[in-house]
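Now for the letters of each chain:
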Amino acid sequence: MPWIKAWHVIFMVTWFAGLFYLPRLFVYHAACTDAPGLERFKVMERKLFIIMTIGAVGTAIFGIWMLAGYAWTAYHANGWLHAKLALVVALIAYHIYCWKLVLDFRRDQNRHGHVFYRWVNEFPALLLVAIVLLVVVKPF
Ligand code: HEM
C-alpha cells in the first residue's frame, strides 16, 4: 500500500495549504474597505476553498482505503489510531467552519476583526502536529 499512503500524504499537503492560507485571506479581507478589493477576496476565498475540499476528500478516500486494506485490522486495538481519527473529525469540523466564514464574507456579514483570524490560524497547526506525531510515532 505505499502508493496509497503516498497519495494520502499528497492530498493531505494540498488540504493543509488551504487550511493555512484561507484564514490569512480572512485577515486581509477583514481589513479591506474598497469594493474591488472586497470582490477579489471573495473570488480567491471561494476558489481556495474548492481546492482544499478536493484535498480533504482525497485524504479521506486514501485514508479509508488504507483502513479497509490493512490498518484497521493491524491497529484497531491501538489508542493512537482512535486519537488520530478523533482529531481528523475535529479538523473536518474546522473545515466546515471555514466554509461558514467564506459565506459570511461573501454576504458582507463578517463579524470578526483581523486579530480573531490570526488566532483561528493556529488551530489547524496544532492539529497537524498532533496527528502527524500520532501516526508516525504511534506512542500508545
Ligand atoms: C481523513 C481521514 C483519515 C484517515 C481515515 C486516515 C488514515 C490513515 C491510515 C490508515 C494510515 C496508515 C497508518 C500506518 O500504516 O501506519 C495513515 C497514514 C498517514 N496519515 Fe492519515 N488518515 C486521515 C487523515 C489524515 C490527516 C488529516 C493527516 C495529517 C494531518 C494524516 C497524516 C498521515 C500521515 C503523515 C501518514 C503516514 C504515516 C507513516 O507512514 O509514517 N492523515 N492515515
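Residue numbering note: each chain is counted from 1, following its sequence as written. The predicted origin of the model limits local features to residues at a pLDDT of at least 70 and limits the giving and counting of side-chain atom pairs to 80 or more, whereas totals for whole chains, interfaces and linings rest on all residues. Hydrogens are left out, water is left out, and the side-chain values use all remaining heavy atoms of the structure.

Asks: Can you tell me about the layout of surface pockets, naming the residues and giving the values?
Replies: Cavities and pockets are found on a 1 Å grid laid over the protein atoms alone: a cavity is a set of points where a 1.4 Å probe fits but cannot escape, a pocket is an open set with protein on both sides within 12 Å along at least five of seven lines, and a lining residue has an atom within 4 Å of such a point. Grid points are joined across faces, edges and corners, and a volume is the space filled by probe spheres set on the points. The space that makes up the largest pocket amounts to roughly 770 Å³. Lining the largest pocket are 33 residues, with His8, Gly63, Met66, Lys84 and Val135 positioned closest to its centre. In this text, helices come from DSSP runs of H or I with a minimum length of four residues, and strands from runs of E with a minimum of two, each type numbered from the N-terminal end. The element that contributes the greatest number of residues to the lining of the largest pocket is helix 2 (residues 35–75), accounting for 12 residues. For the lining of the largest pocket, the class distribution of residues is 25 nonpolar, five polar and three charged. Ten residues, namely Ala, Val, Leu, Ile, Met, Phe, Trp, Tyr, Cys and Pro, are considered nonpolar, four, namely Asp, Glu, Lys and Arg, are considered charged, and the remaining ones, Gly among them, are considered polar.

Asks: I'd love a proper account of the packing of helix 1 (residues 2–31) against helix 5 (residues 122–137), names of residues and values included.
Replies: Only the stretch in contact is used when a helix axis is fitted, and all axes are lines through C-alpha atoms; the angle between N-to-C directions ranges over 0 to 180 degrees. For the pair helix 1 and helix 5, the least separation of the axes is 9 Å and the interaxial angle reads 155 degrees. Taken together, helix 1 and helix 5 sit at an angle that is classed as roughly antiparallel. Both helix 1 and helix 5 take part in a crossing whose hand is left-handed. Counted together, Met12, Phe16, Leu19 and Phe20 of helix 1 and Pro124, Ala125 and Leu128 of helix 5 form the full contact between these two elements. Here is the rule for angles: anything less than 35 degrees is roughly parallel, anything more than 145 is roughly antiparallel, 65 through 115 is roughly perpendicular, and the remaining ranges are oblique. Working rule for handedness: look at the near helix, and if it is turned counterclockwise from the far one by less than a right angle, call the crossing left-handed; if clockwise, right-handed. Throughout, a contact is declared for two residues whenever any of their heavy atoms are within 4.5 Å.

Asks: Please provide a residue-by-residue account of the coordination of the iron atom of the ligand, values included.
Replies: Protein ligation of the iron atom of the ligand involves His8 (NE2) and Lys84 (NZ), the donor distances falling in the range 1.7 to 2.0 Å. Coordination at the iron atom of the ligand is octahedral: its six donor atoms span angles of 86 to 178 degrees at the metal. Taken together, the residues His8 in helix 1 and Lys84 in helix 3 (residues 79–106) connect sequence positions 76 residues apart. Across the pair, Lys84 and His8 agree in class, each one buried. Any N, O or S atom lying within 2.8 Å of the metal counts as a donor, and for Na, K and Ca the limit rises to 3.2 Å; water is left out, so some sites can look incomplete. A four-donor site is called tetrahedral if each angle lies between 85 and 135 degrees; a four-donor site is square planar, and a six-donor site octahedral, when trans pairs exceed 155 degrees and the remaining angles lie between 65 and 115; all other cases are labelled irregular. The buried label goes to any residue with under 20% of its type's maximum accessible area, the exposed label to any with over 50%, and the partly exposed label to all in between, with areas taken from a 1.4 Å probe on protein chains only.

Asks: So what's going on with unusual backbone geometry? Residues and values would help.
Replies: At Asp108, a residue that is not glycine, the phi angle is positive and equals roughly 55 degrees. In this fold, Asp108 is placed in the loop between helix 3 and helix 4 (114–120).

Asks: So what's going on with the state of the cysteines? Which residues, and what values?
Replies: We call a pair of cysteine sulfur atoms a disulfide whenever their separation is within 2.5 Å. This model, assessed by the stated rule, comprises zero disulfides. Distance from the sulfur of Cys32, which forms no disulfide, to the nearest cysteine sulfur (Cys98) is 19 Å. Assessed through its relative accessible area of 1%, Cys98 is described here as buried.

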